[in-house]
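Descriptive structure summary
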Amino acid sequence: MIKYELKCRKDHVFEAWFYDSATYDKQAADGKVVCPVCNSRKVDKAPMAPRIGKSKGEVAKAEAKEAAKVRQALTELRDHVEKNADYVGDQFAEEARKIHYGETDKRNIYGEASPDEARELAEEGVDVAVIPWLPREDA
């Protein structure tokens, strides 16, 4: 796929994707490339800067850096939850319902629930969130 910046005779600039340059040339010659603003079929390629791709090594480094950021954010989230909520273990669904229906005092809790339990809680209107819980690195 190739993206071209195009310009019509009225100087409207727009982008369009084509399978390759030959596809663009054929569609333009057949009058199938049309300005979305004024419907002009007199369209040419506008000057544009080349796109330089990253090497596989650069992509891998960027992905590793992003993964480290996500891991750090999840670690900080885990620390925050542990400091600001009560751990209720596998009784999470039951405790969440008690809080939701006013059977016990409102408080922040966390624990384990099956995917079915989490779905049922959400269907009942109980505020729940599934958090990807990373194991501690020192564990």
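Here's a quick rundown of the structure. All residue numbers refer to position in the chain's written sequence, counted from 1. The predicted origin of the model limits local features to residues at a pLDDT of at least 70 and limits the giving and counting of side-chain atom pairs to 80 or more, whereas totals for whole chains, interfaces and linings rest on all residues. Heavy atoms throughout the structure, all of them, feed into the side-chain values; hydrogens and water do not.

**With respect to helix H2 (residues 56–84)**
Let me state the cut-off plainly: Secondary structure elements are defined from DSSP: runs of H or I of at least 4 residues count as helices, runs of E of at least 2 residues count as strands, and each element is numbered from the N terminus. In this scheme, a helix's expected span is set at 1.5 Å multiplied by one less than its residue total. Summary of the burial criterion: residues with accessible area below 20% of their type's maximum are buried, those above 50% are exposed, and those between are partly exposed, where the area comes from a 1.4 Å probe applied to protein chains only. Pairs of residues are marked as contacts when any of their non-hydrogen atoms sit within 4.5 Å.
For H2, which comprises 29 residues, the first-to-last C-alpha distance of 42 Å matches the rise-based estimate of 42 Å (1.5 Å per residue) to within 8%. Every buried residue of H2 is accounted for by Leu74, Arg78 and Val81. On its buried face, H2 is in contact with strand E5 (109–111).

**Section: the pattern of salt bridges**
For the record, the criterion: Only one rule defines a salt bridge in this text: a Lys or Arg side-chain nitrogen within 4 Å of an Asp or Glu carboxyl oxygen.
All chains considered together, the criterion is met by 12 salt bridges. With a closest N to O distance of 3.7 Å, Lys3 and Glu15 form a salt bridge. In this pair, Lys3 sits in strand E1 (residues 2–8) while Glu15 sits in strand E2 (residues 13–18), placing the two residues 12 residues apart along the sequence. A residue is classified by how much of its surface remains accessible, and Lys3, at 34% relative accessible area, is partly exposed. Given a relative accessible area of 49%, Glu15 falls into the partly exposed group.

**A look at the pairing of E1**
Selection criterion: For two strands to be treated as a pair, DSSP must find no fewer than two bridges joining them.
For E1 and E2, the ladder comprises six bridges, and the chain directions are antiparallel. Paired with Ile2 across the two strands is Phe18, which belongs to E2. Hairpin connection of E1 to E2: four residues between the antiparallel strands, including Asp11 at a positive phi of 70 degrees.

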